[in-house]
Amino acid sequence: MPEGDTIRTAANRVGGALVGREIESIETPHPRFGKDGWAEKLAGRKVRAVDAHGKHLLIRFEGGLTIHSHLRMTGAWGVYPRGKRWHRGPHSAWLVIRTPEHDVVQFKGPVLELMPDGRTRSDPRIAQLGPDVLADTFDDAAFLRRVRIDDPTRTLGDALLDQRIVAGIGNIWKAEGCFRAAIDPWRRLRDVSDEEALSIIHAVRPPMFESVANGFPKSESLLIYGRAGTPCPRCQTKIRARGQGDDNRTTYWCPGCQR
Ligand SMILES: [Zn+2]
């Protein structure tokens, strides 16, 4: 599943290809968009900006219209020089924006909609997002407020995936952040101090920024994610994995050194 850093990287690439460029065509090949008329509505408008908010990507056109995308588990963005082969088949392309130099393609991202700018501020899926983990300065106070109004019996690992508490952390960085901060993701929120909760965020930001700059890390450079049954790199205890929270997302942790 794409995490905030992956979407930030995609926004940088999509923005590089689209902002201020001549748009030759906009197509929505998937039948569900059949009569929506995006090409007509967006004709002649340039892209002013491409933003990432948590895992949401927003392509902002002149004249107050924005394409909102969320990839969930299945989607991907691709940016290709014109004439280059795409990494997924054209049948899975749901949005294709062409400039003289590039094809910008969204593949199978379940949330894909055209909306007025105003709605991007009022839409609860965006308006209710917690502070962005990749903000230049992370809003510690807003994060802690959101942690403290949540169910105090909720487990920490589950809460960190809730985009209303902090936007942009997915399952991989949740596990890596708890490990780097040496905090057990199974602790209940009521048993986690403010300092401990913040230490996870501040442990996970540097590798996420590194990922935006240089690409998502290869699986072998992750410290704990995907390593169940192997020795912990810090204390050699065997790493464990188990589904957590309502969505049963697998969490990885070391019972030896994460307290
Ligand atoms: Zn350990």
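Residues numbered from 1 in each chain as written. Predicted model: local features only at pLDDT ≥ 70, side-chain atom pairs only at ≥ 80, totals over all residues. Heavy atoms only, no water.

### Re the coordination of the zinc ion
Within the protein, the atoms that donate to the zinc ion are Cys 232 (SG), Cys 235 (SG), Cys 254 (SG) and Cys 257 (SG), at distances of 2.2 to 2.4 Å. Geometry at the zinc ion is tetrahedral, judged from its 4 donor atoms and the angles of 96 to 117° they form at the metal. The motif formed by the donor residues of the zinc ion, counted along the single chain, is C-x2-C-x18-C-x2-C. Classification of Cys 254 as buried rests on a relative accessible area of 0%. (Donors = N, O, S within 2.8 Å, 3.2 Å for Na, K, Ca; no water. Tetrahedral: all angles 85-135°; square planar, octahedral: opposite > 155°, others 65-115°. Buried < 20%, exposed > 50% of the residue type's maximum accessible area, 1.4 Å probe, protein only.)

### What about the pairing of strand E5 (residues 76-81)?
Within E5, 5 of the 6 residues are buried, leaving the element largely enclosed by the surrounding structure. Inspection of the sheet shows E5 paired to strand E7 (residues 102-107) by 6 bridges, in the antiparallel sense. Bridge pairing in E7 links Gly 78 to Val 105. (Helix = DSSP H or I, 4+ residues; strand = E, 2+ residues; numbered from the N terminus. Pairing = 2+ DSSP bridges.)

### A closer look at the packing of helix H7 (residues 171-180) against helix H8 (residues 194-214)
With their axes 8 Å apart at the nearest point, H7 and H8 run at an angle of 125° to one another. In this view, H7 runs oblique relative to H8, as classed from their interaxial angle. Between H7 and H8 lies a crossing whose hand is right-handed. Contacts between H7 and H8 involve Trp 173, Gly 177, Cys 178 and Arg 180 from the first element and Ile 200, Ala 203, Val 204, Pro 207, Met 208 and Ser 211 from the second. Here the residues of the contact of H7 with H8 are counted per class, giving 7 nonpolar, 2 polar and 1 charged. (Axes fitted to C-alpha atoms, helices over the stretch in contact; angles between N-to-C directions. Parallel < 35°, antiparallel > 145°, perpendicular 65-115°, else oblique. Left-handed = near helix turned anticlockwise from the far one by under 90°. Contact = heavy atoms within 4.5 Å. Nonpolar A, V, L, I, M, F, W, Y, C, P; charged D, E, K, R; others polar.)

### So, the side chain of Asn 171
Mapped onto the elements of the fold, Asn 171 is located in helix H7. Accessibility expressed as a relative area gives 5% for Asn 171, which makes it buried. A polar atom in the side chain of Asn 171 sits 2.7 Å from the side chain of Lys 174. Among residues more than four places away in sequence, those in contact with Asn 171 are Glu 3, Leu 161, Tyr 225, Arg 249 and Thr 250. (Polar contact = N/O pair within 3.5 Å; in protein donor to acceptor, adjacent residues only side chain to side chain.)

### Considering unusual backbone geometry
Where the residue is not glycine, phi is negative for most of them; where a peptide bond is considered, it is trans in most cases. One non-glycine residue, Arg 72, adopts positive backbone phi at about 45°. Residue class for Arg 72 comes out partly exposed when judged on its relative accessible area of 41%. One non-glycine residue with positive phi stands out, namely Gln 236, at about 75°. You can see Gln 236 is positioned in the loop between H8 and strand E9 (240-244).

### Structural notes on the sheet that holds strand E6 (residues 93-98)
Here 4 strands make up an open sheet; going across it, the order is E1-E6-E7-E5 and the pairing antiparallel. Two strands bound the open sheet, and with one partner strand each, they are strand E1 (25-27) and E5. If you compare each strand with its neighbour and ignore which way they point, the axes differ by 15° on average. Across the sheet, helix H1 (residues 4-18) is in contact with E5, E6 and E7; its angle to E5 comes to roughly 35°.

Without other data, these values stay purely geometric and don't point to any function.
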